[in-house]
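The lines below spell out each chain.
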Amino acid sequence: MVTYEGLVEAYLDCRVHKSRTNNCIRFTLDVEGNLYNMMQAINNRTYYPKRSICFVVSRPKYREVLRPILQTASFIITSGSD
């Protein structure tokens, strides 16, 4: 079972270095409601992940990165920049 406190911790970890992106700012406008809705969906087993964005970075070495998209009923935010 997912707790609200656990989602808050995950959200704070996710937004490091991303707090000024448009998606993060939009999500933060109703962060408590968005996190609560996400917790309810996860615990009710109605949450499902949306598409991910895949890209390649070259530093410090070439690697493929899969950036998941987090969603709530109102907004979709990515864990990367805009």
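Each remark here, short or long, concerns the structure printed above.
Owing to the predicted nature of the structure, the values given are computational and were not obtained by experimental measurement.

Cut-offs and rules
Residues numbered from 1 in each chain as written. Predicted model: local features only at pLDDT ≥ 70, side-chain atom pairs only at ≥ 80, totals over all residues. Heavy atoms only, no water. Phe/Tyr/Trp six-rings, centres within 6.5 Å; stacked < 30°, edge-to-face > 60°. Helix = DSSP H or I, 4+ residues; strand = E, 2+ residues; numbered from the N terminus. Buried < 20%, exposed > 50% of the residue type's maximum accessible area, 1.4 Å probe, protein only. Axes fitted to C-alpha atoms, helices over the stretch in contact; angles between N-to-C directions. Parallel < 35°, antiparallel > 145°, perpendicular 65-115°, else oblique. Left-handed = near helix turned anticlockwise from the far one by under 90°. Contact = heavy atoms within 4.5 Å. Nonpolar A, V, L, I, M, F, W, Y, C, P; charged D, E, K, R; others polar.

Trainee: Before we move on, could you go through the packing of aromatic side chains and cite the residues and values that matter?
Mentor: The relative placement of two aromatic rings is captured by the distance of their centres and the angle of their planes. For the coordinates displayed, the defined rule picks out one aromatic pair. With a centroid separation of 5.5 Å and an interplanar angle of 35°, the aromatic rings of tyrosine 11 and phenylalanine 27 are classed as tilted. Taken together, the residues span a long stretch of sequence, with tyrosine 11 in helix 1 (residues 4–14) and phenylalanine 27 in helix 2 (residues 22–28) at a distance of 16 residues. The class for tyrosine 11 is buried, based on a relative accessible area of 10%. In this structure phenylalanine 27 comes out as buried when scored by relative accessible area, which is 2%.

Trainee: Could you give me a rundown of unusual backbone geometry, with the residues and numbers involved?
Mentor: Omega for the bond connecting arginine 59 with proline 60 falls within 30 degrees of zero, at 0°, which places this linkage in the cis form. With respect to the helices, strands and loops of the structure, proline 60 is situated in the loop between strand 1 (52–57) and strand 2 (63–71). Non-glycine residue arginine 45 carries a positive phi angle of around 60°. Position of arginine 45 relative to the elements: it lies in the loop between helix 3 (31–43) and strand 1. What makes arginine 45 exposed here is its relative accessible area of 78%.

Trainee: Now, about the packing of helix 1 against helix 3: what can you tell me, with residues and values included?
Mentor: One way to put it is that helix 1 packs onto helix 3 with a least axis distance of 10 Å and a crossing angle of 120°. The orientation of helix 1 relative to helix 3 falls into the category oblique. Viewed along their axes, helix 1 and helix 3 form a crossing whose handedness is right-handed. Mapping the contact onto sequence places Tyr4, Leu7, Val8 and Tyr11 in helix 1 and Val31, Glu32, Leu35, Tyr36, Met38, Met39 and Ile42 in helix 3. Residue classes in the contact of helix 1 with helix 3 are distributed as ten nonpolar, no polar and one charged.

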